[in-house]
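Analysis of the macromolecular model
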Amino acid sequence: MSGDAHGARTPSSMRTPIGKVRKFGPAGSGTSDFWRQRITGVAMTLLILPTIVVIMMLLGRNQAAAAQILGSPLISLIMILFIIASAIHMKIGMQVVIEDYVQNEKLKLVTIMANNFFSIAVALAAIFAIFKMASGV
């Protein structure tokens, strides 16, 4: 509350206390991570069957045959989408665990940063491997 020119107290904000904290969970990030994790979960559910089929097709093949299979744009796209959805899902899941169970704020920050870098590194390495195999190099 603040005073106006006549000394009357006027509210500094019209928002209610619940309106000020809505969409903010204990971690301060709100529900966006919750929905992103659900969306990536659905994406992985839809992509798991084609991914398993591709993996079954790759079993027992030599590098040239694997390159031929992964050279198909549709198969490469399915694999890359599965990798991206999995990496995002993994990052969010680990971040929730870190936020819930790591009490020291500095350690929490460092582990969240490490989790982000690790998730990106895993995704990039897997995508690079798909591109390398698809190009036959």
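- In the annotation of an unreviewed UniProt entry, the chain is listed under the name Succinate dehydrogenase hydrophobic membrane anchor subunit and assigned to Rhodopseudomonas pentothenatexigens.
- What UniProt states about the chain under its Cofactor (unreviewed entry) heading is, verbatim, "heme".
- UniProt, in the comment section headed Subunit (unreviewed entry), describes the chain in these words: "Part of an enzyme complex containing four subunits: a flavoprotein, an iron-sulfur protein, plus two membrane-anchoring proteins, SdhC and SdhD."

1. Details of the environment of M57
- Within the fold, M57 resides in helix α2 (residues 32-58).
- Residues M57 and I69, spaced 12 residues apart in sequence, show a C-alpha to C-alpha distance of 8.0 Å.
- In this structure M57 touches I69 and I75, once residues within four positions along its chain are discounted.

2. Let's talk about the pattern of salt bridges
- For the structure shown, the criterion picks out two salt bridges.
- Here D33 makes a salt bridge to R36, at a shortest N to O gap of 2.9 Å. Of the two residues, D33 and R36 both sit in helix α2, three residues apart, roughly one turn of that helix.
- Taking the relative accessible area as the measure of exposure, D33 reaches 12% and is therefore buried.

Cut-offs used in this document
- Residues numbered from 1 in each chain as written.
- Predicted model: local features only at pLDDT ≥ 70, side-chain atom pairs only at ≥ 80, totals over all residues.
- Heavy atoms only, no water.
- UniProt positions renumbered as here; feature names shortened; annotations may be inferred.
- Helix = DSSP H or I, 4+ residues; strand = E, 2+ residues; numbered from the N terminus.
- Contact = heavy atoms within 4.5 Å.
- Salt bridge = Lys/Arg side-chain N within 4 Å of Asp/Glu carboxyl O.
- Buried < 20%, exposed > 50% of the residue type's maximum accessible area, 1.4 Å probe, protein only.

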